[in-house]
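The primary structure of each chain is shown beneath.
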There are 2 protein chains.
Amino acid sequence: MDKKNFSVPLSPRKIRITDPFWANYMELVRTEVIPYQWEALNDRLPDTDPSYCLRNFRVASGMEKGEFGGCVFQDSDVYKWLEAVAYSLMAHPDAELEKLADETIDLICSAQQPDGYLDTYYIINGLDKRWTNLRDNHELYCLGHMTESAVAYYDATGKDKFLNTVIRYVDHVDSIFGPEPEKKKGYPGHEILEMALMRLYGITHDEKHLKLAKYFVDQRGQQPLYFEEEAKLNGEKDYFANSWLDKRYHQADVPVREQQYAEGHAVRAVYLYSGMASVAQASGDETLLEACQRLFEDIARRQMYITGGIGSSAYGEAFTYDYDLPNDTAYTETCASIGLMFFARRMLEICPRGEYGDVMERALYNGVISGMDQDGKRFFYVNPLEVVPEACEKNRSRAHVKPVRRKWFGCACCPPNLARLLTSVGSYAYTLKDDSVLMHLFVGGEFSHTVNGKDVSFSVKTNYPWEETVSVSMAMAEDTCFTYGVRIPGWCRGNYTLQVNGETVACQPEEGYVMLSRTWKDGDVITLTMPMDVQVLSANPKVREDIGKVAISRGPVVYCMEEADNGKDLHMLRLGSKRDFQASFDPNFFGGMTTITVTGEKLTDCGCDILYRPDAEPVYEEKTLKWIPYYAWANRGVGEMSVWIRR
Amino acid sequence: MDKKNFSVPLSPRKIRITDPFWANYMELVRTEVIPYQWEALNDRLPDTDPSYCLRNFRVASGMEKGEFGGCVFQDSDVYKWLEAVAYSLMAHPDAELEKLADETIDLICSAQQPDGYLDTYYIINGLDKRWTNLRDNHELYCLGHMTESAVAYYDATGKDKFLNTVIRYVDHVDSIFGPEPEKKKGYPGHEILEMALMRLYGITHDEKHLKLAKYFVDQRGQQPLYFEEEAKLNGEKDYFANSWLDKRYHQADVPVREQQYAEGHAVRAVYLYSGMASVAQASGDETLLEACQRLFEDIARRQMYITGGIGSSAYGEAFTYDYDLPNDTAYTETCASIGLMFFARRMLEICPRGEYGDVMERALYNGVISGMDQDGKRFFYVNPLEVVPEACEKNRSRAHVKPVRRKWFGCACCPPNLARLLTSVGSYAYTLKDDSVLMHLFVGGEFSHTVNGKDVSFSVKTNYPWEETVSVSMAMAEDTCFTYGVRIPGWCRGNYTLQVNGETVACQPEEGYVMLSRTWKDGDVITLTMPMDVQVLSANPKVREDIGKVAISRGPVVYCMEEADNGKDLHMLRLGSKRDFQASFDPNFFGGMTTITVTGEKLTDCGCDILYRPDAEPVYEEKTLKWIPYYAWANRGVGEMSVWIRR
């Protein structure tokens with residue numbers, strides 16, 4: 001692994017999104033989510049518990065008297081908001097919003113302690129208690145989000161006040177944790193700081209930041225287990241100690257290089273793996289990269305829902321075991337799918353492989369954006385693949401599944417996480433190396449890259465995911481030699497055409513990418529066409545819950561059936577053999593989506609009031625079935641929903 | 001409703017079971033369960049928490065110093081043991097065991113307080129606190145079990161010491177609860193006392209006992225809700241208050257006559273309904289009977305597993321809603337199926353209907369006896385219909401499901417409940433009226449009845465449930481005119497022959513029973529033949545979890561597939577169209593059972609390591625499938641099990 005040759009993601013500053021699909025989401029975040037969350041941070045929302053978030057900073061900085069309020073990780077809410085604001089400012093400058101952000105940063109920085117420490121929970125409750133419960137109390141998690149937002153804000157505005165505050169805090173953390181005998185041997189209870197430090201390193205190039213990230217990664221799960229030693233001192237019981245999850249919940253049962261399966265809390269897991277991938281990339285660590293590859297494959301091939309959702313169990317919001325993918329009791333948290341995108345993106349930075357891009361795209365167009373409604377006002381934590389509203393109400397094992405999105409959450413991790421993802425989606429589209437540009441996602445817009453030292457801009461035109469064509473027009477001052485890599489999505493299954501200036505390119509994709517290496521000229525156009533037939537998919541037969549069933553997709557979009565279109569008792573439907581799919585773009589369906597109809601079948605019910613009866617050949621009658629994009633479910637009130645249908 | 005004409009169950013004293021199926025179970029209870037439980041009651045079991053049960057009585061009676069130990073309902077353990085002992089003594093006199101029981105009764109009675117009160121939890125912890133938490137603290141529940149066992153012991157031995165102690169305690173309870181202004185308006189938090197008082201009434205004919213039972217039934221769910229008023233005083237939070245269950249958990253949300261669905265904790269529910277049925281019978285209360293019928297039908301037609309299991313949810317061990325019958329997350333507690341038998345039996349006493357008998361038989365031969373292993377040493381609380389052992393370990397929503405029976409439980413309700421059921425199973429076989437005998441179950445043995453004032457004995461010979469013939473030979477001193485009613489099981493679907501002295505009886509069953517009314521002579525023989533073809537059953541299509549699937553039964557026995565016979569991945573099997581069932585009695589399979597084989601099909605797996613792939617016509621290969629009786633599952637180690645299979 002030659003670490004010099006790794007690629008890096010694209011700064012959102014070099015992107016201007018123009019395609020209606022994503023521009024609409026970014027506008028929703030700008031006009032709905034960011035202002036709404038600002039109200040939340042300031043405890044001005046009716047009908048919900050106060051956040052206490054900004055008040056905690058005022059108390060911590062001595063501006064106000066009071067107790068700490070909210071969760072131990074309440075500080076992270078403002079950091080996620082600031083990160084979304086930063087990306088939004090890049091796409092849509094807004095002096096008033098920037099002023100609000102600056103003032104908020106002033107408030108945050110004013111709470112910093114002389115030694116650099118900055119966590120309001122312990123500043124308010126007693127600094128003597130800090131660093132005594134890494135397992136549960138999220139100090140390093142908050143610092144992780146703080147770091148991510150400071151990097152983003154610096155990138156967006158060039159202002160370094162927040163960044164310098166973070167660097168001071170990181171210096172303090174570096175003085176507390178490390179291999180030196182006098183330092184603590186701990187690591188984050190909820191991972192994120194690992195990848196955040198790597199983003200910081202990307203700006204500072206300070207080896208200390210890489211070293212600290214690598215320490216946290218390497219130390220995790222080493223004997224004696226830090227969380228056990230810590231619990232002996234603080235007496236805090238591990239909530240998961242008596243379950244199978246136990247230390248797996250925190251991915252802290254064995255060192256990361258020995259971890260064979262994606263396990264434990266799904267968000268924590270993919271955040272950790274993202275950090276591992278960044279450390280592996282920067283340090284050229286082959287054994288760490290192998291662990292990343294193994295864990296990625298375990299997720300993608302054995303533990304991921306067709307929507308890109310991960311986390312099969314509500315208990316622990318966790319992975320369970322290979323091929324255990326129950327549709328109606330899934331947890332599949334929005335944040336976990338977002339974290340899976342983080343992980344996939346970092347694997348792509350190391351090594352372009354179609355599987356990474358496919359997973360990133362699958363999560364994005366399905367289990368990530370399903371987290372928000374079409375108005376940007378309501379959110380899902382849990383993104384199930386099968387819902388019967390009565391079960392959610394009356395069968396507790398389904399109670400974590402909500403049949404409609406909710407306005408806000410006490411523990412509001414998903415909405416701001418979605419906000420920062422959606423405002424920066426363009427930066428997932430490409431990775432850059434010195435001499436190459438890799439296009440992973442098909443996002444319409446203007447992208448500026450520096451390739452081989454020369455500025456090149458790419459104008460991407462597409463109506464993806466509804467239409468099959470993506471064209472990339474290049475603009476440059478002088479001819480430039482580089483490689484333009486185009487990801488050929490796995491869903492194409494080889495059925496695509498790729499043209500340069502109207503001439504078809506014959507070369508086959510390697511590892512899912514076609515590499516176009518040549519001297520490019522101003523005005524060159526690459527055109528990728530991916531016929532978007534409706535696809536009928538089945539799961540690996542080891543997936544017990546999907547046996548005998550199929551799912552429908554078109555392009556990257558997975559579809560579902562809703563009661564609103566298909567009536568109650570979706571389980572009584574089957575696809576049947578006609579398969580005369582009609583996909584059509586409906587401009588009036590939530591701003592325009594492609595929906596699908598097909599002649600399917602519905603089991604006729606004798607209507608007799610007997611539970612168990614002699615089996616008879618079932619009688620089906622034809623029925624037109626309608627599918628809508630999965631991510632758009634639950635925008636029309638309460639009703640049944642199902643992704644999988646019997647064949 | 002003419003209350004004079006209601007039938008009554010048969011005393012176990014008038015029964016001698018001879019058929020190998022039940023005699024074996026009774027012997028297991030006598031030789032294994034009763035002695036083992038005696039050790040448990042005396043805290044002499046290794047590897048398990050002490051029961052404290054008898055020690056609590058010693059402390060309460062002042063014989064020993066100490067604190068109360070175990071659950072608030074710990075007293076009930078010894079009562080259930082005594083009830084099983086009573087039935088066992090009837091079937092198998094044993095002077096030593098009876099002496100042990102007498103001494104235990106002496107101990108119990110020595111703890112009785114001057115005012116009649118007898119609950120060790122409050123005697124030890126302070127009598128001033130008694131009757132302050134009916135909702136949670138099980139005082140009336142313990143009295144219920146005390147009453148049941150005292151009645152049984154009196155019936156078995158004629159000794160009335162225990163019975164008189166109970167009557168004194170009931171008198172005390174009667175002085176505390178009732179409609180009079182000065183009395184409390186409470187009722188049991190865990191029902192059972194209602195039906196127990198009705199059994200007491202059957203012996204005492206004291207209207208006070210009927211009146212108290214009826215008060216508890218009528219008062220339940222009346223406004224203001226007693227449990228809410230009580231909680232205001234004692235400040236005890238209702239564990240279920242914030243869930244849909246809420247007051248439904250205790251069947252205390254609305255008055256019983258207004259209850260439309262079987263709801264809440266399943267054991268509590270069917271215990272209540274049993275008491276309601278007994279009160280309805282004795283008081284000729286039509287509106288109460290209507291409620292019983294409605295609730296029975298809701299269970300039998302919409303909320304009962306094919307095994308006779310009830311309670312779809314582990315949370316609250318509760319009913320959920322109509323047609324919600326998930327196989328792998330079921331609770332289906334052994335005690336709930338036993339309670340369903342209590343309810344069915346009492347409905348049969350009111351009115352012989354095939355549905356009641358069918359449900360009683362279905363529960364007995366499936367979801368009840370599945371609770372105990374073939375050695376009488378290990379027990380299930382939870383009787384699921386589909387088990388993947390890895391899911392039980394790693395997916396918390398399946399963690400209440402155990403893939404093997406366990407030795408004993410901290411809360412040991414099911415083993416002693418099974419013991420008292422199995423030792424009295426013969427008494428479920430018949431109900432009697434003045435002028436008629438109704439045969440509900442086909443249990444081989446000698447039964448003595450008094451019909452129209454004359455003693456008649458019936459010798460039932462059968463190898464049910466394995467063989468299709470049941471013959472009943474009558475013995476009497478002189479010719480006697482009466483009706484002998486024979487239940488024609490629903491599973492026969494009209495395919496049976498009924499003969500008297502070799503001559504076929506032509507009359508059709510009414511409501512599931514053929515009524516043979518004539519003057520019977522000594523030596524008359526009734527022969528019922530029910531061809532036991534293997535049956536393929538499907539569920540009402542509204543049952544989402546069973547759609548596209550079938551189950552296999554033969555006679556009253558529901559079958560299942562185990563990994564031990566069919567390999568892993570049972571979900572990849574389907575029945576297919578051959579249906580060439582071979583049922584054969586295997587004398588070496590756990591003492592002899594009929595097992596079934598058929599040529600089924602197994603989905604071939606391409607083995608490719610991809611989760612989602614283009615749907616292709618699935619390829620199946622023939623595979624011999626083996627079914628064993630459901631109740632005998634998990635006697636051969638840990639493995640997958642499934643009752644339902646795809647068609």
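Residues numbered from 1 in each chain as written. Chains lettered and ligands numbered in written order. Predicted model: local features only at pLDDT ≥ 70, side-chain atom pairs only at ≥ 80, totals over all residues. Heavy atoms only, no water.

Within chain A, the regular secondary structure consists of 18 helices and 23 strands. For chain A, the C-alpha radius of gyration of 25 Å lies close to 26 Å, the compact-globule estimate for 647 residues. Projecting the C-alpha coordinates of chain A onto the three principal axes gives extents of approximately 75 × 70 × 50 Å. A total of 647 residues make up chain A; the buried ones form 64% of that total. Total accessible area on chain A stands at roughly 22200 Å², and carbon and sulfur atoms take up 47% of it. (Helix = DSSP H or I, 4+ residues; strand = E, 2+ residues; numbered from the N terminus. Rg over C-alpha atoms; globule rule 2.2 N^0.38 Å. Buried < 20%, exposed > 50% of the residue type's maximum accessible area, 1.4 Å probe, protein only. Areas by Shrake-Rupley, 256 points an atom, 1.4 Å probe, with all protein chains shown as cover.)

This brings us to the confidence of the model for chain A. Residue and element names in this part refer to chain A. For chain A, mean pLDDT is 95; residues scoring 70 or higher make up 98% of the total. Every residue in residues 1-5 scores below 50 in pLDDT, and together they form twelve contacts with partners more than four places removed in sequence or on other chains. Both confidence scores are given for the complex: pTM 0.95, ipTM 0.94. (pLDDT = per-residue confidence, 0-100. Contact = heavy atoms within 4.5 Å.)

This part is about the pattern of salt bridges. Applying the stated criterion to the full structure yields 110 salt bridges over all chains. One salt bridge connects E563 of chain A with K568 of chain A, and the closest N-O pair in it is separated by 3.3 Å. E563 of chain A sits in the buried class, given a relative accessible area of 19%. Owing to a relative accessible area of 54%, K568 of chain A belongs among the exposed residues under this scheme. One network of salt bridges, with partners in common, ties together E297, D298, R301, R302, D322, R353, E355 and E511 of chain A together with D609 of chain B. (Salt bridge = Lys/Arg side-chain N within 4 Å of Asp/Glu carboxyl O.)

With that settled, consider the interface of chain B and chain A. In this assembly, 67 residues from chain B lie in contact with 67 residues from chain A. Taken together, both faces of the contact between chain B and chain A bury some 5600 Å²; the carbon and sulfur share is 52%. The largest per-residue losses of area from chain B upon contact with chain A belong to R544, L611 and Y612 of chain B, which jointly make up 15% of the total buried on that side. Linking chain B with chain A are 18 salt bridges, by the criterion used here. Here D328 of chain B and R544 of chain A are joined by a salt bridge, their closest N and O atoms 3.5 Å apart. The tally of links from chain B across to chain A stands at 35 residue pairs in polar contact (both at pLDDT 80 or more). Breaking the side of chain B that touches chain A down by element, the ones donating at least two residues are α13 (286-302), α16 (389-394), β14 (534-539) and β20 (612-614) of chain B. Split into classes, the residues belonging to the side of chain B that touches chain A amount to 30 nonpolar, twelve polar and 25 charged. Here three bridges tie strand β14 (residues 534-539) of chain A to β20 of chain B, and the two strands are oriented antiparallel to one another. Bridge pairing in β20 of chain B places A539 of chain A opposite Y612 of chain B. (Buried area = accessible area lost by both parts, 1.4 Å probe. Polar contact = N/O pair within 3.5 Å; in protein donor to acceptor, adjacent residues only side chain to side chain. Nonpolar A, V, L, I, M, F, W, Y, C, P; charged D, E, K, R; others polar. Pairing = 2+ DSSP bridges.)

All names here are of chain B. Among the structural elements, R405 can be located in the loop between α16 and α17 (414-422). Within the buried set, R405 has no salt-bridge partner at all; the shortest N-O distance to an opposite charge, 6.0 Å, is to D373. Only 3.4 Å separates the side chain of R405 from the backbone oxygen of M372, close enough to count as a polar contact. Side-chain polar atoms of R405 contact the backbone oxygen of Y631, separated by 3.2 Å. Apart from residues no more than four positions distant in its own chain, R405 is found in contact with S370, G371, M372, D373, R378, F379, F380, Y631, W633, A634 and N635. (Lys, Arg positive; Asp, Glu negative; His and termini not counted.)

One pass over the full model with this rule turns up 84 aromatic pairs over all chains. With a centroid separation of 4.9 Å and an interplanar angle of 90°, the aromatic rings of Y121 of chain A and Y122 of chain A are classed as edge-to-face. Centre to centre, the rings of Y612 of chain A and W644 of chain B are 6.0 Å apart; their planes meet at 35°, and the pair counts as tilted. Of this pair, Y612 of chain A sits in strand β20 (residues 612-614) while W644 of chain B sits in the loop between β22 (641-642) and β23 (645-646), which puts the two residues in different chains. You'll find Y612 of chain A and W644 of chain B in the same group, each marked buried. The ring of Y428 of chain A has R345 of chain A sitting right over it, with the charged end atom 4.1 Å from the ring centre. Seen from the ring of Y620 of chain B, R574 of chain B lies directly overhead, with NZ or CZ sitting 3.5 Å from the centre. (Phe/Tyr/Trp six-rings, centres within 6.5 Å; stacked < 30°, edge-to-face > 60°. Lys NZ or Arg CZ within 6 Å of the ring centre and 35° of its normal.)

Glancing now at helix α2 (residues 53-60) of chain B. Residue and element names in this part refer to chain B. Buried residues dominate α2, accounting for six of its eight residues. If you check which residues of α2 are buried, you get C53, L54, N56, F57, V59 and A60. Each element contacted by the buried residues of α2 is listed here: α1 (20-41), α3 (75-91), α4 (95-110) and α5 (120-125). Positive phi shows up at G62, right after α2, with a value of about 85°.

Moving on, we get to the sheet that holds strand β11 (residues 503-504) of chain B. The strand order across the open sheet formed by seven strands is β2-β6-β7-β8-β13-β10-β11 (chain B), and the pairing between neighbours is antiparallel. Bordering the open sheet on either side are β2 (15-17) and β11 of chain B, each of which pairs with just one other strand.

When chain B is fitted to chain A, the residual RMSD is 0.0 Å, and the transformation amounts to a turn of 180° plus an axial shift of 0.0 Å. A rotation of that kind, with that shift, is consistent with a two-fold axis. Among all residues of chain B, the one whose C-alpha sits closest to the rotation axis is S397 of chain B, at a distance of 3.1 Å. Interface overlap between copies is the fraction of interface residues in one copy that are interface residues in the other; for chain B against chain A it reaches 100%, indicating a shared surface. (Least-squares fit on C-alpha atoms with pLDDT ≥ 70 in both.)

All names here are of chain A. Reading across the sheet, the seven strands line up as β2-β6-β7-β8-β13-β10-β11 and stay open at both edges, with antiparallel pairing between neighbours. The open sheet has two free edges, formed respectively by β2 (15-17) and β11 (503-504), since each of these has just one partner strand. Where strand β10 (residues 497-500) lies against β11, two bridges are found, and the strand directions are antiparallel. The residue of β11 that forms the bridge with Q499 is T504.

Before going further, it helps to examine the pairing of strand β16 (residues 557-562) of chain B. Across a regular strand the side chains alternate sides, sitting on one face of the sheet and then on the other. All names here are of chain B. With six of its six residues buried, β16 lies for the most part within the structure. Burial along β16 is two-sided: V557, Y559 and M561 and V558, C560 and E562, pointing in opposite directions, are all buried. Sheet topology note: the strand β15 (residues 549-554)/β16 ladder contains two bridges and is antiparallel. Pairing of R554 across the sheet is with V557, part of β16. The loop that links β15 with its antiparallel partner β16 comprises two residues; one of these, G555, has a positive phi angle of about 60°. In terms of strand pairing, β16 meets strand β21 (residues 620-629) through two bridges, oriented antiparallel. Residue pairing across strands places C560 opposite I628, the latter belonging to β21. Here β16 pairs with β22 via two bridges, running antiparallel.

Another aspect to go through is the packing of helix α13 (residues 286-303) of chain A against helix α15 (residues 354-368) of chain A. Residues and elements named next belong to chain A. Interhelical geometry of α13 versus α15 gives an angle of 50° and a closest axis separation of 11 Å. Compared by their axis directions, α13 and α15 come out oblique. Judged by the sense of rotation from one axis to the other, the crossing of α13 with α15 is left-handed. Residues Q293, F296, E297, A300 and R301 of α13 form the contact with α15, whose participating residues are E355, Y356 and V359. Looking at side-chain class alone, the contact of α13 with α15 contains four nonpolar, one polar and three charged residues. (Axes fitted to C-alpha atoms, helices over the stretch in contact; angles between N-to-C directions. Parallel < 35°, antiparallel > 145°, perpendicular 65-115°, else oblique. Left-handed = near helix turned anticlockwise from the far one by under 90°.)

With that settled, the discussion passes to the pairing of strand β9 (residues 480-487) of chain B. Residues and elements named next belong to chain B. For β9, a buried count of seven out of eight residues is recorded, marking the element as mostly surrounded by other parts of the structure. In terms of strand pairing, strand β5 (residues 436-439) meets β9 through four bridges, oriented parallel. Residue L438 lies in a different strand from β9, and its bridge partner there is G485.

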